[in-house]
Each structure stands twice: as structure tokens, then as C-alpha cells.
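Coordinate inspection notes
In case you want the letters, here they are:
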Amino acid sequence: MDSTIANIDARQADQADPLRAFRDRFELPDGVIYLDGNSLGALPKTVKQRVAKTIGDEWGEQLIRSWNTADWVHLPQRVGKKIARLIGAEDGTVVAADSTSINLFKVLSAALDLNGGRSKIISERDNFPTDLYIAEGVAKQIGKGHRLALASAPADIPGMLDNDVAVLMLTHVNYRNGYRHDMAALTKAAHDKGILVIWDLCHTAGAMPVDLTGANADFAIGCGYKYLNGGPGAPAFLYVNPRHQGGFRQPLSGWFGHRAPFDFDSSYAPSRSIEQYLCGTPPVLAMVAMDEAMALWDDVDMAALRAKSVALCDLFIQEVGAFAADFGLTLVTPLDAECRGSQVSYSCDNGYATMQALIARGVIGDFRAPDIIRFGMTPLYLSFAEVAQAAVILKDILATRAFDAPEYQVRGAVT
Ligand SMILES: Cc1ncc(COP(=O)(O)O)c(C=O)c1O
């Protein structure tokens, strides 16, 4: 076993875990070891009651008055403020709105406008596809010869930062292998060349502390449904550094981004604040679920969260490492915790079927084509004993070739 992995005893680690009480604050079915909080976070118990109250009392009884009486109208700002604390952002720099893809469209358009004399967007071939698709779309729409250039490996990025690059657009933690970029170093390298930087925090927010202010990032985006536990299709968020606010227009100039939406002016006058990044009416039920899920974070010590995340990953790597080579599993996540997020991934020949066999045995992770099995480590509701047990079940499935069963070969629409 590589020396960068701590040697962990699961039982002792659970006894010493300062975060163990958080598990009771989530609904988790018996018999399930949930290693997919990096895709869809578990349900915080109070979200159920809060959404029921919103439907019953606020919508059912108060009807349209609730936009004011329950302050529905400011949910994007209120939720944004709670997310800001987790990502090292100042008050007034984050709003919750729309989806990650749409928010990327807004901030990328804005960044290209700010850096108008340049034509390249740099990203990574292995970035999450929606980020690349949005960048292609934005470049085409601008129609001034903008183009997307993709790094094949993280080490190639600094060498690609030349004077024609307008924007460096990266996902902080890679969705497939869990590799984590050095946000501060890359942001600085880009700024030294006059390049603006956008960080996708989908696999970072709620997984570990982040310091957007300290890194001097320009823009960030991320989703609410993974480590933030905001529910399926939860509102996403976006961050704009105060130095860029009010300096340009984002293209989705809907009425919620107007300076005074209820003046009903016939022409658009953008808000000078982060509210300019809103577009239309917020989805109140989803926002309320997100708002309630975020309340739980008031009690979380982010340093303890990160320490437990590292230890959970180390334990899984240690346990699976004892048999991985016997069954052709290859760890694709960095061993060094400084270079990874909060997931552990392996390439695996029968990856899809192996994951289906695991799910049938109650170990829920997921599969990313062509051959990656992913295990998300969520420190608020996972125990060390569960992570060790997941490794035991994985070994059994590989040793017995349980993955050969025909029912595990059938692909669902979502993998
Ligand atoms: C890095 C990253 N960006 C974006 C997305 C998805 O964007 P959206 O929320 O718009 O579906 C994901 C989804 O898993 C992701 O991992």
C-alpha cells in the first residue's frame, strides 16, 4: 500500500468521528450503503416538513401573498448567502438560480465580453461534457472566431495560457476520476496572462472547504443536488467576484435581473448587484427544499468535514487496494489527498454490470462510461464501517463474478 494513504481502523474511526450525529438528520433506507452523494445527495429530514409546509400553508392558504409574507421572492439571494459561506465567497456575490449549464452560459458570455480582444477558451477534454457543450455553443453564438482549446492532461494547462486566451474554464474536481486542480495556483497563472477564470464547483461545494476569495477567482458555478443535498434537479448557483459586478451585462436579461422588476419598465435596466444574474421567476418549491437543506450546514465544521472525507477515501482505497489487482481494478483517483476531491474511482472491465450487482446488494455508487465505477464519500451521513463493508461486498461480487448475471447487463437511461 502506498505510504500516502493513512492506515485506518473503521471501528475506531467511527467512535472518534466528530460528525457522526449528522447521520440522524438524513432519511436513509435500512440496508443501503449510499456512495452516490456525489450525484444526488441524501434527503435531510427537515426538508420534507418544510416543503409540506410551503405547499400546505404558503401556497395552499396564503396563495400569492406568500411572495411577500414568506419572502419567496428573495429565496435566490437567501440560498446564495448560505452557499457563499461554504465556498469562501463574500456576501452579495452568490445567487441560487437555474441550472449549472445555464449559469455557465451566463458567466462565460460575461467573461468573454469582459475580455473582448481575445478569442480562446481553454478547458480540459475530460471536463464534464455540458461545460464543453455550453462553451462550444457560446463561441458559435458570438460568431467572432472564438474557439475552445482542450488540454489532454492537467499538466498541459499552464503551457496553453497565452495572450490570445480570454477565459480558463475548469471543473475544480473532475467528475470521473476525482482529480482536484490547484485553484489558487491556476487562477494566478491565468491572471498573470490577463485571462479570466471560471471554476465549476459541482464536485466541490459541500464536499470540502473552498476559498474563492482567497484564490481571487473571477466566476464560479455549481449545482445544488450533489453534496449540498438540495434534491433532484435542485437550483444551481453562481458566483461573481465583486470587481466584475455591474461592469457588463449577462445575456439572459430576464425581469428578475432588472433593477426594479415590479416597475414593469418596457426596457431592461440591469441590477448593479449579483441579482443581475437572475433571469425569471424562481422555482419556489425547489428553492425552499434547497434553503432548508442548506440550514444544516450552519452546524458543520468544514475542517472536520474535509478530514473525514480524506479518511473515508483513504479507508476505501486501503480496503479495495488489498484485492484490486487480483480482479483488474485500477485506481484512477490520486492517492495524494491534496490532489483529489471526495470520491474514489476505479477503471473496471465489467464496470457497468459490477455497479449494478453492487446496487442490488445495497451498495449504491454509479458508473461513468466507458469503464469507471465511482464511489462518493459524503462525510455527513457515511460511517467508516459502511465504507469498509462496501469494499467487502465489492470483493465478493468480483470473486464470484456476480456481475455476469443477465439482469446486470441491461443499461438504464441514467447510469
Ligand atoms: C462538473 C459538472 N458540471 C455540470 C454538471 C451538470 O450540469 P446541470 O446541473 O446543468 O445538469 C455536472 C453533473 O453531474 C457536473 O458534474
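Note on numbering: residues in each chain are counted from 1, in written sequence order. Residue-level local features of this predicted model are given only where pLDDT is at least 70; pairs of side-chain atoms are given and counted only at 80 or more, and the full residue set underlies all totals for whole chains, interfaces and linings. Each side-chain value is derived from all of the structure's non-hydrogen atoms; neither hydrogens nor water enter the calculation.

1. A few points about the nonpolar core
Heads up, the condition is: To form a nonpolar core, buried Ala, Val, Leu, Ile, Met, Phe, Trp, Tyr and Cys residues must be joined to one another through side-chain atoms within 4.5 Å. Under the scheme applied here, a residue whose accessible area is under 20% of the maximum for its type counts as buried, over 50% as exposed, and between as partly exposed, the area being computed with a 1.4 Å probe on protein chains only. The helix count covers DSSP runs of H or I at least four residues long, the strand count covers runs of E at least two residues long, and both are numbered beginning at the N terminus. What counts as a domain boundary in this text is fixed by an automatic or database domain assignment. Residue contacts follow a heavy-atom distance rule, with two residues in contact if any of their heavy atoms lie within 4.5 Å.
Ranked by internal contacts, the top residues of the largest apolar core, which has 58 residues, are Ile83, Ile87, Leu168, Trp199, Leu228, Trp297 and Leu380. In terms of residues, this core owes the most to one element, helix H9 (residues 284–295), which gives seven residues. When we break this core down by domain, the ones giving at least three residues each are domain 1 (10–19 + 301–409) and domain 2 (49–298). Residues contacting Trp297, with those up to four places away along its chain left out, are Arg85, Leu86, Gly206, Tyr227, Leu228, Asn229, Met302, Leu305 and Leu380. Ile5, Ile33, Ala357 and Ile373 belong to the second-largest nonpolar core, a separate cluster that totals 41 residues.

2. Description of a nonpolar patch on the surface
For the record, the criterion: The patch calculation keeps residues exceeding 30% relative accessible area without a salt bridge and links them within 9 Å when they carry like charges or within 5 Å when they are nonpolar (Val, Leu, Ile, Met, Phe, Trp, Tyr). Methods summary: accessible areas were calculated by the Shrake-Rupley approach with a probe of 1.4 Å, and residue burial reflects only the protein chains presented. Only one rule defines a salt bridge in this text: a Lys or Arg side-chain nitrogen within 4 Å of an Asp or Glu carboxyl oxygen.
The grouping of Ile55, Trp59, Leu63, Ile64 and Leu285 at the surface amounts to a nonpolar patch, some 520 Å² of accessible area in total. Mapped onto the fold, Ile55 is located in helix H2 (residues 45–62). Ile55 sits in the partly exposed class, given a relative accessible area of 38%.

3. Digging into the packing of helix H11 (residues 351–360) against helix H12 (residues 384–400)
Formally: For helices, the fitted line uses only the C-alpha atoms of the stretch in contact; every axis is such a line through C-alpha atoms, and the angle between N-to-C directions lies from 0 to 180 degrees. Working definition: roughly parallel below 35 degrees, roughly antiparallel above 145 degrees, roughly perpendicular at 65 to 115 degrees, and oblique for all remaining angles. Handedness of a crossing follows from how the near helix is turned relative to the far one, being left-handed for an anticlockwise turn of less than a right angle and right-handed for a clockwise one. All amino acids are sorted into three groups, where Ala, Val, Leu, Ile, Met, Phe, Trp, Tyr, Cys and Pro are nonpolar, Asp, Glu, Lys and Arg are charged, and the leftover types, Gly among them, are polar.
Between H11 and H12, whose axes approach to 10 Å, the crossing angle comes to 125 degrees. Judged on the interaxial angle alone, H12 and H11 are oblique. Considering how the two elements wind past one another, H11 and H12 form a crossing that is right-handed. Touching Thr354, Ala357 and Leu358 of H11 are Ala390, Ile393, Leu394, Ile397 and Leu398, all from H12. Class assignment for the residues of the contact of H11 with H12 results in seven nonpolar, one polar and no charged.

4. Comments concerning the state of the cysteines
For clarity, the threshold we go by: To count as a disulfide, a pair of cysteine sulfur atoms needs to be within 2.5 Å.
This structure, assessed with the given rule, holds zero disulfides. No disulfide involves Cys202; its sulfur sits 3.7 Å from that of Cys223, the nearest cysteine. Looking at the unpaired Cys313, the closest cysteine sulfur is the one in Cys339, lying at 13 Å. Overall, the relative accessible area of 0% leaves Cys313 in the buried class.

5. A few points about empty space enclosed by the protein
Which parts of space are left empty comes out when a probe the size of a water molecule is rolled across the atoms. We apply this condition: Using only the protein atoms, space was sampled on a 1 Å grid; points where a 1.4 Å probe fits but cannot get out form cavities, open sets with protein on both sides within 12 Å along at least five of seven lines form pockets, and lining residues are those with an atom within 4 Å of a point. Grid points are joined across faces, edges and corners, and a volume is the space filled by probe spheres set on the points.
Tallied over the full model, the rule gives one cavity of 30 Å³ or more. Within this model, the largest cavity holds a volume of roughly 40 Å³. For the lining of the largest cavity, a count of residues per class yields six nonpolar, three polar and no charged. Each of domain 1 (10–19 + 301–409) and domain 2 (49–298) contributes no fewer than three residues to the lining of the largest cavity.

6. Points about the packing of aromatic side chains
For clarity, the cut-off: Pairing of aromatic rings covers Phe, Tyr and Trp, the last counted by its six-membered ring, and requires centre-to-centre distances within 6.5 Å; plane angles under 30 degrees mean stacked, over 60 mean edge-to-face, and any other angle means tilted.
Summed over the entire model, instances satisfying the criterion amount to 13 aromatic pairs. For the pair Tyr352 and Phe367, a centre-to-centre distance of 5.6 Å together with 80 degrees between the ring planes defines the contact as edge-to-face. Note that Tyr352 is positioned in helix H11 and Phe367 in strand S14 (residues 366–368), a separation of 15 residues in sequence. Using a relative accessible area of 6% as the deciding quantity, one classes Tyr352 as buried. Judged by its relative accessible area of 1%, Phe367 is buried.

7. Brief notes about the pairing of strand S7 (residues 165–171)
Regular strands have side chains that alternate between both faces of the sheet. Threshold: Pairing between strands requires that DSSP locate at least two bridges from one strand to the other. By convention, orient the strands away from the viewer: a clockwise path from the first strand over the helix to the second makes the crossover right-handed.
Of all seven residues that make up S7, seven are buried, and the element is covered over most of its length. Two elements, strand S5 (residues 120–124) and S7, share three bridges in a ladder whose sense is parallel. The residue bridging Ile122 from the neighbouring strand is Leu168, located in S7. Pairing of S7 with strand S8 (residues 196–200), which is carried by five bridges, proceeds in the parallel orientation. Residue pairing in the sheet places Thr171 in a bridge with Asp200 of S8. With respect to chirality, the unit in which S7 leads through helix H7 (residues 183–192) into the neighbouring parallel S8 is right-handed.

8. Concerning helix H4 (residues 75–86)
Put simply, the rule reads: By definition here, a helix of n residues has an expected span of 1.5 Å times n minus one.
Helix length check: H4, at 12 residues, gives a terminal C-alpha distance of 17 Å against a target of 16 Å (1.5 Å per residue), a fit within 8%. Burial in H4 covers these residues: Leu75, Pro76, Gln77, Val79, Gly80, Ile83, Ala84 and Leu86. Looking at the residues trailing H4, positive phi occurs at Gly88, about 65 degrees.

9. Describing the site of the ligand
Worth spelling out the cut-off: Think of it this way: one heavy atom of a residue within 4 Å of a molecule or strand is enough to make that residue near it. Two N or O atoms form a polar contact when they lie within 3.5 Å of each other; inside protein one atom must be a possible hydrogen donor and the other a possible acceptor, and for residues adjacent in sequence the pair counts only when both atoms belong to side chains.
The immediate surroundings of the ligand are formed by 13 residues, with Ser101, Asp200, His203, Tyr225 and Lys226 found nearest. Within the side chain of Ser101, a nitrogen or oxygen atom sits 2.6 Å from an oxygen atom of the ligand. Here His203 contributes a side-chain N or O atom positioned 2.8 Å from an oxygen atom of the ligand. Taking 400 Å² as the accessible area of the ligand by itself, protein coverage stands at 85%. Among the residues forming the shell around the ligand, the class breakdown is four nonpolar, six polar and three charged.

10. Quick notes on the domain arrangement of the protein
What counts, and what does not: Put simply, buried area is the surface a 1.4 Å probe can reach on two separate parts but cannot reach once they are joined, added for both.
Taken as a whole, the protein is organised into domain 1 (10–19 + 301–409) and domain 2 (49–298). The C-alpha centroid of domain 2 is placed 30 Å from the C-alpha centroid of domain 1. Contacts between domain 1 and domain 2 engage 24 residues on the former and 18 residues on the latter. Of the roughly 1,600 Å² buried between domain 1 and domain 2, counting both surfaces, carbon and sulfur atoms make up 59%. The largest per-residue losses of area from domain 1 upon contact with domain 2 belong to Met302, Gln343 and Leu380, which jointly make up 30% of the total buried on that side. Across the contact surface, domain 1 and domain 2 share zero salt bridges. On inspection of domain 1 and its partner domain 2, the count reaches 12 residue pairs in polar contact (both at pLDDT 80 or more). Ranked by the residues each element gives to the side of domain 1 that touches domain 2, the list is headed by helix H10 (residues 302–321), at four residues.

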